[in-house]
Amino acid sequence: MSMGFGGHLLFDQVSLHIEAGEQACLVGRNGEGKSTLLNIINQTVVPDEGDIYRQPGLRIASLPQEIPSGMTGSVFGIANAGLGSDSNVRAGSGAGDEKTWQQQALVNKVLTQLKLDPELKFENLSVGLKRRVLFARALAGSPDVLLLDEPTNHMDIESIDLIESILTKYTGTLIFVTHDRCFLGKIATRIIEIDLAKITSWSCDYNTYLKRKSALAEAEEEHHHQFDKKLAIEETWIRQGVRARRTRNEGRVRELLKMREERRNRRNRPGSAKMELQEAERTGKLVIKAKEISFAYDAKTVVKDFSVTVMRGDRVGIIGPNGSGKTTLLGLLLKNIDPDRGSVVHGVNLEISYFDQTREQLDEERTVFDNVANGSDYITVNGRRRHIIGYLKDFLFSPDRARSPLKTLSGGERNRLLLARLFTRPSNVLVMDEPTNDLDIQTLELLEELLLEYSGTLLMVSHDRTFLNNVVTSTLVFEENGNIGEYIGGYDDWLRQKKQAPIPQKDPAKGREKKSPASGPAAIKLGYMEKRELDELPRRIEAMEKELAELFDKMSAPAFYKTDGRVIAQINERQQELESLLEKAYSRWEDLESRNI
């Protein structure tokens, strides 16, 4: 089979055989053809060359990566459509009422497994719940082959757990594409890799595949090295002229020509993305302080009496069910939304960059180039002036792809483009709402490394459990009734702490939870002078931090330690004094803030 699209060769004379009952995952970079291969299997795309053989009567169902536009109706109606035109045959052979009952029972069973209300209107659901309904539609007909394209995209962790539990019991053939490494590791029993228009099959789980792939890459690199070394020797020999053209050496000449052809036909692997964050001047030690904030929407409590302190360098993950208010919480913490009660205070010198979950910052009618450059041919990244084409190459966009309209890009390419645009702006606070959707695994791993090296502060909404485990230092978790818990570490750390959390004791006489002894006496309200001090503290802190930053600049200069020893001692002493004063100022600020009722 061969297949190309827009001048780009996706498959070059490839063959693939799928056995019944396999759970195979398609892996490869964005744009390599994973979704196209699913569509070929599903008969919605016809390859340019080659034949596709399917077992007669094979029932195939699919979950697409994007939600079909204009889809309306009840949750039951959408799921019921998965039974197809022959639903009566599969539902039973009795009277019409019996058929209808069996059909409803089949659909309701799937909806119950996925915790979906059959009466809800599909068009009113969140993106994550819509995809859960479409997954129910795919399952309802008990297909022989189930095709899933990024099944965990926009799904909350509860939905992902439900899908994992269903798929581990699924007895049909499963072929899926995912960037979720945790999901991939639990489900796949076979890895099908698409790379450089070729398909390679690995009959093993994902972790074993990674080890074997690494060993194969090392062997291939060594083979290429030895081949190129031999080719260089032969090229030197042929340049010797007449001696190389003697009759008895014609075989060696023919061999050289074959080697040249082999080298020309070798397709070099595309490089990894080379993303680079621009960092602005450091923020103050305190970045965000929220005090007992509450927010409700349409009479529903989203956030209730929530307090948190975010310090410079914190990497905070935010998790919770779809629709719980994670994006709203970001808006409250960034002061884009005013809380109904409570207050949010920002530290000094914040430069915020926001990765938008809905990608509203991208213009569908403009090219990739224009979406990043805004009419200019050059951008400045960390003090270096770069042409936009070269910059986009770092994000794996070829010059031709950089001039393509945005609407032709895949989901992963769109996310890479949004990252490219985001990283053109210096920041010291990076806010990311679902940054991992659609990104291939190689780009995900690079983004992880980038965020770990970022010295600024990170706020991140994500359902990617592996990503959370590898990146964040603390986690905010939406619990019941607008309550938000704060936990140290990533997703697995939260699970451990949740299991160990003690059950609150109740006062048997009044049926209420007991007050913590640590709550102490009632706070004393601020006096007039203390309020003035609270108003003045941010300016004092800013001035001290500015002076401290100037001292650090002096101390980092190469010529600093060549100056007079007494001057060095004075600067070191002032640095220690400022750090002590700043610590006391922050402590005082927190004390006054806690009593500012």
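The rules behind these values
- Residues numbered from 1 in each chain as written.
- Predicted model: local features only at pLDDT ≥ 70, side-chain atom pairs only at ≥ 80, totals over all residues.
- Heavy atoms only, no water.
- Salt bridge = Lys/Arg side-chain N within 4 Å of Asp/Glu carboxyl O.
- Helix = DSSP H or I, 4+ residues; strand = E, 2+ residues; numbered from the N terminus.
- Buried < 20%, exposed > 50% of the residue type's maximum accessible area, 1.4 Å probe, protein only.
- Contact = heavy atoms within 4.5 Å.
- Polar contact = N/O pair within 3.5 Å; in protein donor to acceptor, adjacent residues only side chain to side chain.
- Pairing = 2+ DSSP bridges.
- Axes fitted to C-alpha atoms, helices over the stretch in contact; angles between N-to-C directions.
- Patch = residues over 30% accessible without salt bridge, like charges linked within 9 Å, V, L, I, M, F, W, Y side chains within 5 Å.
- Areas by Shrake-Rupley, 256 points an atom, 1.4 Å probe, with all protein chains shown as cover.
- Lys, Arg positive; Asp, Glu negative; His and termini not counted.
- Charge placed at Lys NZ, Arg CZ, Asp CG, Glu CD.
- Parallel < 35°, antiparallel > 145°, perpendicular 65-115°, else oblique.
- Left-handed = near helix turned anticlockwise from the far one by under 90°.
- Nonpolar A, V, L, I, M, F, W, Y, C, P; charged D, E, K, R; others polar.
- Phe/Tyr/Trp six-rings, centres within 6.5 Å; stacked < 30°, edge-to-face > 60°.
- Lys NZ or Arg CZ within 6 Å of the ring centre and 35° of its normal.

Another point: the pattern of salt bridges. All told, the structure shown has 18 salt bridges when counted by the stated rule. Between D180 and R465 there is a salt bridge whose closest N-O contact spans 3.6 Å. Taken together, the residues D180 in the loop between β6 (173–177) and α7 (181–187) and R465 in helix α16 (residues 465–471) connect sequence positions 285 residues apart. Each member of the pair, D180 as well as R465, is classed as buried. The partner of K407 in a salt bridge is E365, and the shortest N-O contact between them spans 3.6 Å. One end of the pair, K407, is in the loop between α13 (399–402) and α14 (411–422); the other, E365, is in the loop between β13 (352–355) and α11 (368–373), and 42 residues separate them in sequence. Here the residues in one salt-bridge network are D161, E164, D180, K186 and R465, joined through shared partners.

Relative to the helices and strands, N428 resides in the loop between α14 and β16 (429–433). Ignoring sequence-local partners within four residues, the contact set of N428 consists of A280, E281, R282, T283, N349, L350, E351, Y454, G456 and T457. Engagement of the side chain of N428 in a polar contact is seen with the backbone oxygen of N349, the distance being 2.9 Å.

It is worth spelling out the sheet that holds strand β7 (residues 190–195) at this point. Strand order in the open sheet formed by 6 strands is β4-β5-β6-β3-β7-β8, and the pairing between neighbours is mixed. Strand pairing shows two members of the sheet lacking a second neighbour, β4 (60–63) and β8 (198–202), which therefore form its edges. The average undirected angle you get between the axes of adjacent strands in this sheet is 20 degrees. Pairing of β7 with β8, which is carried by 5 bridges, proceeds in the antiparallel orientation. Bridging across to β8, E193 finds its partner in T200.

Let us now look at the pairing of strand β3 (residues 23–27). Among the 5 residues that make up β3, 5 are buried, leaving the element largely enclosed by the rest of the structure. The two faces of β3 match: Q23, C25 and V27 on one face and A24 and L26 on the other face are all buried. Two strands pair when backbone bridges link them, and β3 and β6 are joined in this way by 4 bridges, in the parallel orientation. Following the sheet pairing, L26 is matched in β6 by V177. As judged from the 4 bridges shared by β3 and β7, these two strands associate in the parallel manner. Residue pairing in the sheet places A24 in a bridge with R190 of β7.

Here the focus is the sheet that holds strand β9 (residues 286–297). In a beta sheet, neighbouring strands are held together by backbone hydrogen bonds and run either parallel or antiparallel to one another. Ordered by their spatial adjacency, 3 strands build an open sheet running β10-β9-β12, and the pairing between neighbours is antiparallel. Edge positions in the sheet fall to β10 (300–311) and β12 (341–346), since each has one partner strand and no second. Within this sheet the neighbouring strands show an average axis-to-axis angle of 15 degrees, counted without direction. For β9 and β10, the ladder comprises 8 bridges, and the chain directions are antiparallel. Paired with Y297 across the strands is K300, a residue of β10. In this fold helix α19 (residues 565–594) packs onto β9 and β12, with an angle of close to 20 degrees to the strand it touches most, β9.

We classify R465 as buried; its relative accessible area is 1%. Residues within four places of R465 in sequence aside, it is in contact with I157, I160, D161, E164, D180, C182, F183, K186 and Y491.

With a phi angle near 45 degrees, S142 is a residue other than glycine that sits in the positive phi range. Here S142 shows up in the loop between α5 (127–140) and β5 (145–149). Judged by relative accessible area, S142 falls into the partly exposed class, the value being 40%. Non-glycine residue N349 carries a positive phi angle of around 65 degrees. With respect to the secondary-structure elements, N349 resides in the loop between β12 and β13.

A few words on a negative patch on the surface. Together, E281, E351, E550 and D553 make up a region of like negative charge exposed at the surface. Here E550 lies in helix α18 (residues 528–556).

This part takes up the packing of α5 against helix α6 (residues 157–167). Packed helices, taken two at a time, are described by the angle their axes make and the gap between the axes. Two elements in contact, α5 and α6, have axes whose closest approach is 11 Å; the angle formed by their N-to-C orientations is 15 degrees. Classified by the angle between their axes, α5 and α6 sit roughly parallel to one another. Crossing hand, α5 versus α6: left-handed. Between α5 and α6, the contacting residues are R132, F135 and L139 on the first element and E158, S159, L162, I163, I166 and L167 on the second. Of the residues contributing to the contact of α5 with α6, the split by class is 6 nonpolar, 1 polar and 2 charged.

According to the stated counting rule, one finds 6 aromatic pairs in the structure shown. Ring geometry for W202 against Y209: centres 5.3 Å apart, planes inclined by 80 degrees, an arrangement best described as edge-to-face. As far as burial versus exposure is concerned, W202 and Y209 are alike and both buried. Between Y391 and F395, the ring centres sit 5.2 Å apart and the planes meet at 55 degrees, which makes this aromatic pair tilted. We note that Y391, like F395, is buried. Linked through ring pairs, W202, Y206 and Y209 together constitute an aromatic cluster. Seen from the ring of F397, R416 lies directly overhead, with NZ or CZ sitting 5.1 Å from the centre.

Moving on to the side chain of R190. Mapped onto the fold, R190 is located in strand β7. Classification of R190 as buried rests on a relative accessible area of 8%. From its side chain, R190 meets the backbone oxygen of H17 in a polar contact 2.9 Å long. Not counting residues within four places of it along the chain, the set of residues in contact with R190 comprises L16, H17, I18, E19, E22, Q23, A24, C25, S201, W202, S203 and C204.

The values reported here are purely geometric and, on their own, carry no functional implication.
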